[in-house]
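# Residue-level structural notes
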Amino acid sequence: MSRIGLLIDHIYNQPGDAEVRSKWHDLVLQYNLGIELLRKRSDYTPDDIERFQDLIDEFFEKYYDITGVEGITNYIHMLASGHIKYYMEQHGNLYKFSQQGWEALNAKIKHIFFRHSQRGGNYGRHSDENERFYLFSIMKAFQREMLWISGDGENLFNPNN
């Protein structure tokens, strides 16, 4: 979102668009400041939570002014209605619920499966479907990676050890 201002400037580049362009820049600033608070890795203070909701409320008023009801998505509703503020108060920090690690692992598994395997193996046309191991190539790749990450691969395959 840090470079969205360039997109706003490109879309609203006519002299008559100055007011709308300014509103979009203002609301993006409010949004970015609020989300920056939300993404903190440490626990939120009560002041952080209030500041977050104030920024989001300012963002929402400007956003609604521009988009109307058609612009209200589920995520905008979650922010503006105070649901996220409630979760911040209940859990002290939302970063611990981040799914980035699982998403990265899922991306790696898909990459291995679709690019480095035969999607179920090529056991010949006479092999039974029950004899195919769909996860075998993925598990082998992770086993190799763990050997090198842990340093055991270096110890096993370095002739000087």
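Look up a bit, the structure's there.
In this text, all values refer to a predicted model and were calculated from it rather than measured experimentally. (Residues numbered from 1 in each chain as written. Predicted model: local features only at pLDDT ≥ 70, side-chain atom pairs only at ≥ 80, totals over all residues. Heavy atoms only, no water.)

## Here's the deal with the packing of helix 1 (residues 4–11) against helix 2 (residues 18–38)
At a closest axis distance of 10 Å, the pairing of helix 1 and helix 2 adopts a crossing angle of 165 degrees. Put simply, helix 1 runs roughly antiparallel to helix 2. Judged by the sense of rotation from one axis to the other, the crossing of helix 1 with helix 2 is right-handed. Each of I4, G5, I8 and D9 in helix 1 lies in contact with helix 2, whose residues at this interface are R21, W24, H25 and V28. Here the residues of the contact of helix 1 with helix 2 are counted per class, giving four nonpolar, two polar and two charged. (Axes fitted to C-alpha atoms, helices over the stretch in contact; angles between N-to-C directions. Helix = DSSP H or I, 4+ residues; strand = E, 2+ residues; numbered from the N terminus. Parallel < 35°, antiparallel > 145°, perpendicular 65-115°, else oblique. Left-handed = near helix turned anticlockwise from the far one by under 90°. Contact = heavy atoms within 4.5 Å. Nonpolar A, V, L, I, M, F, W, Y, C, P; charged D, E, K, R; others polar.)

## Looking at the environment of I109
Note that I109 resides in helix 6 (residues 100–115). Not counting the four nearest positions on each side in its chain, I109 is found in contact with I138 and F142.

## Considerations on a negative patch on the surface
Together, D54, D57, E58 and E61 give the surface a local cluster of negative charge. Tracing the sequence through the fold places D57 in helix 3 (residues 46–67). (Patch = residues over 30% accessible without salt bridge, like charges linked within 9 Å, V, L, I, M, F, W, Y side chains within 5 Å. Areas by Shrake-Rupley, 256 points an atom, 1.4 Å probe, with all protein chains shown as cover. Salt bridge = Lys/Arg side-chain N within 4 Å of Asp/Glu carboxyl O. Lys, Arg positive; Asp, Glu negative; His and termini not counted. Charge placed at Lys NZ, Arg CZ, Asp CG, Glu CD.)

## Some words on the packing of aromatic side chains
One pass over the full model with this rule turns up five aromatic pairs. With centroids separated by 5.3 Å and ring planes inclined at 50 degrees, the aromatic side chains of Y31 and F59 adopt a geometry described as tilted. Taken as a pair, Y31 in helix 2 and F59 in helix 3 lie far apart in primary sequence, 28 residues in all. For F59, a relative accessible area of 4% puts it in the buried group. These aromatic residues form a ring-pair network of at least three members: W24, Y31, F59 and Y63. (Phe/Tyr/Trp six-rings, centres within 6.5 Å; stacked < 30°, edge-to-face > 60°. Buried < 20%, exposed > 50% of the residue type's maximum accessible area, 1.4 Å probe, protein only.)

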